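Given next are the chains, with one letter for each unit.
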Amino acid sequence: MRIGLLNEPSNFHTRKWAENLQKAGAEVVIFSFESFTGHLPNITCVQLEPVVGNKGKSNVLSYLFSGKVLKKALKQYGIDIVFAINVTPFGIWAMQSGFHPAISFAIGADILEFPPLKEHPEFLLYRGWNNQEIKKSVLLNAKRKFRYAYYRFMVSGALKYSDLIMGDNKVLTDAVEQWFSVSPSKIRLNRGGVEEHLFAVSESQKQESRKYFRIPENKKVILIPRGLKLLYQADIILQSVLQVLESGREDIYFIILASFYETPPVVADLINQLKDKYGKYVFIHESLLPREEMYPLWLQTDIFISAPVYDGYSAVVAEGRFAGAIPLVNDTPATREILTHQENAWIVNSFTPENVSDSLTFLCDHLGVYKSRFAEANKKWIYENSLMHQSIENFMKECHILLNKNKKSV
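What you are looking at is a predicted structure, and each value in this text was computed from that prediction instead of being measured. (Residues numbered from 1 in each chain as written. Predicted model: local features only at pLDDT ≥ 70, side-chain atom pairs only at ≥ 80, totals over all residues. Heavy atoms only, no water.)

1. Observations concerning the side chain of Glu 319
Counting through the fold element by element, Glu 319 comes out in helix α12 (residues 315-323). For Glu 319, which is buried and forms no salt bridge, the nearest opposite charge comes from Lys 16, at a distance of 4.5 Å. With residues near it in sequence (within four places) discarded, Glu 319 still touches Phe 12, Lys 16, Val 194, Phe 199, Tyr 295 and Trp 298. (Helix = DSSP H or I, 4+ residues; strand = E, 2+ residues; numbered from the N terminus. Buried < 20%, exposed > 50% of the residue type's maximum accessible area, 1.4 Å probe, protein only. Lys, Arg positive; Asp, Glu negative; His and termini not counted. Salt bridge = Lys/Arg side-chain N within 4 Å of Asp/Glu carboxyl O. Contact = heavy atoms within 4.5 Å.)

2. Focus on the sheet that holds strand β4 (residues 81-85)
One open sheet accounts for seven strands, arranged β3-β2-β1-β4-β5-β6-β7; its pairing is parallel. Looking at which strands have only one partner, the edges of the open sheet turn out to be β3 (44-47) and β7 (187-189). Neighbouring strand axes in the sheet, compared pairwise and without regard to direction, differ in orientation by 25 degrees on average. Across four bridges, strand β2 (residues 27-32) lies against β3 in parallel orientation. Looking at β3, one finds that Val 29 is bridged to Thr 44. (Pairing = 2+ DSSP bridges. Axes fitted to C-alpha atoms, helices over the stretch in contact; angles between N-to-C directions.)

3. Remarks on helix α14 (residues 353-365)
Here α14 spans 18 Å end to end across 13 residues, near enough to the 18 Å set by a 1.5 Å rise per residue. For α14, the full list of buried residues reads Pro 353, Val 356, Ser 357, Ser 359, Leu 360, Leu 363 and Cys 364. For α14, the buried positions fall inside an angular range of 160 degrees around the axis, keeping them on one side. (Expected span 1.5 Å × (residues − 1). Arc of directions from axis to C-beta.)

4. Let's talk about the pattern of salt bridges
Evaluated as defined, the whole model comprises 18 salt bridges. For the salt bridge of Glu 27 with Arg 2, the shortest nitrogen-to-oxygen distance reads 3.3 Å. Of this pair, Glu 27 sits in strand β2 while Arg 2 sits in strand β1 (residues 2-6), and the two are 25 residues apart along the sequence. Taking relative accessible area as the criterion, Arg 2 reaches 24% and is therefore assigned partly exposed. The closest approach of N and O atoms between Asp 365 and Arg 249, which form a salt bridge, is 2.7 Å.

5. A word on the packing of aromatic side chains
Applying the stated criterion to the full structure yields 24 aromatic pairs. Aromatic pair Trp 17 and Phe 105: ring centres 5.5 Å apart, planes at 75 degrees, arrangement edge-to-face. Placement of Trp 17 in helix α1 (residues 12-23) and of Phe 105 in strand β5 (residues 102-106) is noted, with a sequence separation of 88 residues between them. Judged on exposure class, the residue Trp 17 and its partner Phe 105 are both buried. Site record: aromatic cluster; members linked through ring pairs are Trp 17, Phe 83, Phe 105 and Phe 395. Its guanidinium or amino end placed over the ring of Trp 129, Lys 229 lies 4.3 Å from that ring's centre, counting from NZ or CZ. Taking NZ or CZ as reference, Lys 379 lies 4.8 Å from the ring centre of Phe 322, over its face. (Phe/Tyr/Trp six-rings, centres within 6.5 Å; stacked < 30°, edge-to-face > 60°. Lys NZ or Arg CZ within 6 Å of the ring centre and 35° of its normal.)

6. A few points about the pairing of strand β11 (residues 303-306)
Taking every second residue as pointing to the same face, both faces of β11 are buried, with Ile 303 and Ile 305 on one and Phe 304 and Ser 306 on the other. Sheet topology note: the strand β8 (residues 220-224)/β11 ladder contains two bridges and is parallel. When the bridges of β11 are listed, Leu 223 appears paired with Phe 304.

Scope: geometric values only; no functional claims are made or implied.
So this is what it looks like as structure tokens:
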């Protein structure tokens, strides 16, 4: 089976799914507009030229007008089934190609940013995926409304076009069905999950990690791993970090991870304050951390903070739980689906800097009790619900079913 995976090869999810599908016996070819210089063993990465782009670089219109380019490449490489990770823009691109069978893996921002208008929460006006500023204006609101209308229309089309749609949490799969009128017969809950072998980290790897992140001895390590977007409430989290450090606490060490996207000005200002005032208590990694380097870090993390405004499950949450770190999370329906306050996570009901800093202080004062309690419950849940090899097996079964249906209909 040859699977044509649509997404950028440098993307964390792309690498994870491509490598594991290849291990399971599939041939994987990745198609994108990205010039990839990384290393994906035995996996072909095909860079296509967008029909519409800015100096050869892709943009929103590239995926709309390059469907025929993609279809030609899929046929050239003998692809049997298309797998688009993210409905926006890759499921849309699959739709434009007209290739079947096609599977879309919907991730939070693909769906939960585009509810029916009557259910559209106000926070999406200033904490959506694209927001760089927490402010409202006539022009900004007009742009946001146009983006909402455009993507809701295109996402709806891509979902209906897809032969199968996967989502990693039930709030998301329910939204696919209820918000976009998609038949439940082609929706699957498939959480992705943990690659447990990657946690087999040597002592020397741990020491190298401690050295790189400058982790002092006898400090409680708090990891902020989701990136610095307003969507992830990075401004609130960093304000809470400042409050904890301003209280005079010296037994905590914060590690803050950025990503490949631009840092909002309000967050950049908070980062600079932390560097200037509390440099010895904070490590800020301002570029994308290679995923191989996450596993030694996870095994030295005591608490991690994850607080996207609408999503509750991710690779970060799964890996942190498996590693035995305490999840400190915000209160959303997707969070409540998989986590219970004081049983396997610490859920902050009203996610303010004061409440987050109070929660961090309390957890650090009672770290042993809660870390032990949560670790046992979380590892059990991951083994039962969210191991990557289980997700791959389920995916491969669905592929075979779709291919058999396709043969019968030809």
